[in-house]
Amino acid sequence: MADKPANHLRAWSYVFVQGLILVLLVFLSDDIGPTVSRVAYVGAALEWLGFIGILMSAISIRTSLTALPLPKQHSRLGTSGLYKYVRHPMYTSVIILALGIALLSGNIIKYGLVIGLIVLFYRKSVYEEHYLRLKHSDYEAYAKKTPRFIPLLIKKGDKL
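How each quantity is defined
- Residues numbered from 1 in each chain as written.
- Predicted model: local features only at pLDDT ≥ 70, side-chain atom pairs only at ≥ 80, totals over all residues.
- Heavy atoms only, no water.
- Helix = DSSP H or I, 4+ residues; strand = E, 2+ residues; numbered from the N terminus.
- Buried < 20%, exposed > 50% of the residue type's maximum accessible area, 1.4 Å probe, protein only.
- Contact = heavy atoms within 4.5 Å.
- Areas by Shrake-Rupley, 256 points an atom, 1.4 Å probe, with all protein chains shown as cover.
- Core = buried A, V, L, I, M, F, W, Y, C linked by side-chain atoms within 4.5 Å.
- Axes fitted to C-alpha atoms, helices over the stretch in contact; angles between N-to-C directions.
- Parallel < 35°, antiparallel > 145°, perpendicular 65-115°, else oblique.
- Left-handed = near helix turned anticlockwise from the far one by under 90°.
- Nonpolar A, V, L, I, M, F, W, Y, C, P; charged D, E, K, R; others polar.

*Asks:* Teacher, can you tell me more about the overall build of the chain here?
*Replies:* Along its length, the chain carries five helices and zero strands. Secondary structure elements of the chain occur, N-terminal to C-terminal, as α-α-α-α-α. Burial status across the chain gives 40% buried among its 160 residues. Partitioning the contacts of the chain with sequence separation of at least 6, the portion at a separation of at least 24 is 75%. For the chain, the accessible surface area stands at approximately 9,400 Å², while carbon and sulfur atoms represent 69% of it.

Dropping the structure here:
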């Protein structure tokens, strides 16, 4: 199905860019711009919320988990846990975590990195869903009733 080298190259490029953005978010200096104490509380709460979401997402799909936007050969379609509310809770959780990191840092560049991460995850999810539709005959019905990233936001013609 998705064993062509070009597919793996593109899949790994998504993972590489994602990793680069996350490394920059974590290790880029925090001393550019002020951090208001209330914003710091929100940032810390978002970091924890994102971290918990990542763990819950990983537990939900267990052995189907992969960094690549290509389904594993013997994977099952995850539709329980957080996957009942959004199709890509792992991406949503990483974005929430990244936003928390940006808020805590006060670094304007990190806000730009969060925006870049959102764009990357949208494109990565479109790519991934192409292969999920090929592998799982019930994916289309799941996608029609489950928003991409934000629960309860958009259901029909989902763009988010």
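Next, the rest of the story.
*Asks:* Would you mind going over the nonpolar core with me for this structure?
*Replies:* Soluble globular proteins tend to bury their nonpolar side chains together. Core analysis: the biggest nonpolar cluster contains 21 residues, and Leu25, Leu117, Phe121 and Tyr127 have the highest contact counts within it. Sorting the residues of this core by element identifies α1 (5-27), α3 (89-105) and α4 (108-135) as the ones contributing at least two each. Broken down by element, the residue count for this core peaks at seven residues, all from α4. Formed by eight residues, the second largest nonpolar core is a distinct cluster that contains Ile61, Leu77, Met90 and Tyr142.

*Asks:* Can you help me understand the environment of Leu97 in this one?
*Replies:* Residue position: Leu97 is located in helix α3. The exposure class of Leu97 is partly exposed, given its relative accessible area of 23%. With residues up to four places along the chain from it excluded, the contact list for Leu97 reads Leu46, Glu47, Gly50, Phe51 and Ile54.

*Asks:* Even after reading the chapter, I still don't get the packing of helix α2 (residues 37-61) against α3, so can you show me in this structure?
*Replies:* Each pair of packed helices can be summarised by the angle the axes make with each other and by the distance between the axes. Closest axis-to-axis distance for the α2/α3 pair is 7 Å, and the angle between their directions is 155 degrees. With respect to α3, the element α2 is oriented roughly antiparallel. Handedness of the α2/α3 crossing: left-handed. Residue composition of the contact of α2 with α3, by class: 18 nonpolar, six polar and one charged.

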